[in-house]
Amino acid sequence: MGGVASDRIMTGATGNSCSKKKNSVARRRWKLLAEAVQKSGLRNSPHNAAISMCKFRGFGLICMTSIKENWYAVTCLNSSLQIYTRLIRRGFSPSQLMGFNNTGNICIWPSEELLTYYCLGNLHLFKGKSVLELGGGMTCLAGMFLGMSGIPSHVLVTDGNKACIENVQVILKENPSPSPVQAGVLRWECGAEVKAQEGKFDVVICGDCVFFDDSRDNLLRTLVSVLRPGGMGLVVAPARRDTFKLFAHLCEAYFKVTTYESYDEVVAKCVEKCTSDSNYNRNLHYPLLMVLHKPDVKSS
């Protein structure tokens, strides 16, 4: 990627029956997003609306350097790797938002930042493994970095939003990686799309995808389906009115579930610094870690 670095950002700073369910769910999500924007007093500016949803700029674990319009060179505090990503800071039309939950398409969320950092700090978990990222949003940052590390055997990054995946496919062209990385649409409510990935993955990673009540069951079914026996899921998400705890409880019927509030000393120090930020809300922003282990039928 060419261009002159002009702006550095420390940040954290997406069949017919499927379509009907998708539209119903997405309308409710768009309403939630729109209400948040309206409360901010910025309802007439799509660009400012995106910024208003990302007032908390993250934990400082990721550095994004602007190299040209919409394109950034991205590095992570605990790695020498670098990738190029495209983050389109513009409004999305209602039709694009109907594609799926679009909240991950307007900025890089703290959970994505933490998931990326955690994966890069624990690369041994991915050695020779097939990896799937669910709900990766506009950038699928964690999956992209894993591909660049060359540690997994291959990586599939996904989101339920077509426009999001089209953007990720553009990003992939600028990031040839040692481990093969592919991008595709995967809607958890669409049985055919989930079945196509059944039992194919050793590790599944997922950031901030347990908030919406109407998608939690579908996410769980997807995790159960796509993970191989003995496989592992890494779910990172804020507590958010106990939605994290609720999802962990749902998972207990199918996985050995372990949750962590504190999982890295550097992260803990970064979080402590954020307490003075008036935009920081631990309940909304601090990602907890959930590790899911699928029973190995061979050993059971």
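In the block above lies the structure referred to throughout.
Rules of the game
Residues numbered from 1 in each chain as written. Predicted model: local features only at pLDDT ≥ 70, side-chain atom pairs only at ≥ 80, totals over all residues. Heavy atoms only, no water. Helix = DSSP H or I, 4+ residues; strand = E, 2+ residues; numbered from the N terminus. Areas by Shrake-Rupley, 256 points an atom, 1.4 Å probe, with all protein chains shown as cover. Buried < 20%, exposed > 50% of the residue type's maximum accessible area, 1.4 Å probe, protein only. Pairing = 2+ DSSP bridges. Axes fitted to C-alpha atoms, helices over the stretch in contact; angles between N-to-C directions. Contact = heavy atoms within 4.5 Å. Salt bridge = Lys/Arg side-chain N within 4 Å of Asp/Glu carboxyl O. Parallel < 35°, antiparallel > 145°, perpendicular 65-115°, else oblique. Left-handed = near helix turned anticlockwise from the far one by under 90°. Nonpolar A, V, L, I, M, F, W, Y, C, P; charged D, E, K, R; others polar.

1. Here's the deal with the overall build of the protein
- Regarding its fold elements, the protein presents eleven helices and eleven strands.
- Surface accessibility of the protein: about 13,700 Å² in total, with carbon and sulfur atoms responsible for 51%.

2. Points about the pairing of strand E3 (residues 71-76)
- Counted residue by residue, E3 has five buried out of six residues, so it is predominantly covered.
- Pairing of strand E2 (residues 62-68) with E3 involves six bridges; the strand directions are antiparallel. Each bridged residue has a counterpart across the sheet, and for threonine 65 the counterpart in E3 is alanine 73.
- As paired elements, E3 and strand E4 (residues 82-86) share five bridges and run antiparallel to each other. By the bridge assignment, alanine 73 is partnered in E4 with tyrosine 84.
- In this antiparallel pair of consecutive strands, E3 and E4, the connection spans five residues.

3. A few points about the sheet that holds strand E10 (residues 256-260)
- The seven strands lie next to each other as E7-E6-E5-E8-E9-E11-E10, forming an open sheet whose pairing is mixed. Edge positions in the sheet fall to strand E7 (181-185) and E10, since each has one partner strand and no second. The mean inter-strand angle of the sheet, taken between neighbouring strand axes irrespective of direction, is 15°.
- Bridge count between strand E5 (residues 130-134) and strand E6 (residues 154-159): four bridges; the pairing is parallel. Paired with leucine 132 across the bridge in E6 is leucine 156.
- Most of the contacts of helix H4 (residues 110-121) go to strand E9 (residues 227-238), to which it runs at about 135°, and overall it touches E5, strand E8 (201-207), E9 and strand E11 (287-293).

4. Here we look at the environment of serine 111
- Tracing the sequence through the fold places serine 111 in helix H4.
- According to the relative accessible area criterion, serine 111 is buried, its value standing at 1%.
- Placed 127 residues apart in sequence, serine 111 and proline 238 show a C-alpha to C-alpha distance of 7.4 Å.
- Not counting residues up to four positions away in its chain, the partners in contact with serine 111 are Gly207, Asp208, Val236, Ala237, Pro238 and Pro287.

5. Describing the pattern of salt bridges
- This model, assessed by the stated rule, comprises six salt bridges.
- Ionic pairing is found between arginine 240 and aspartate 208, a salt bridge with its closest N-O pair at 2.6 Å. On the criterion of sequence distance, the pair formed by arginine 240 in the loop between E9 and helix H9 (243-251) and aspartate 208 in the loop between E8 and helix H8 (213-226) is long-range, its members being 32 residues apart.
- Accessibility expressed as a relative area gives 17% for aspartate 208, which makes it buried.

6. Some words on the packing of H4 against helix H5 (residues 141-149)
- It is at 8 Å that the axes of H4 and H5 come closest, and there the two elements cross at 20°. The pairing of H4 with H5 is recorded here as roughly parallel in orientation. In this structure, H4 crosses over H5, and the sense of that crossing is right-handed. Contact with H4, carried on its side by Glu112, Leu115, Thr116, Cys119 and Leu120, involves Leu141, Ala142, Phe145 and Leu146 of H5 and no other residues of that element.
- When its residues are assigned to classes, the contact of H4 with H5 shows seven nonpolar, one polar and one charged.

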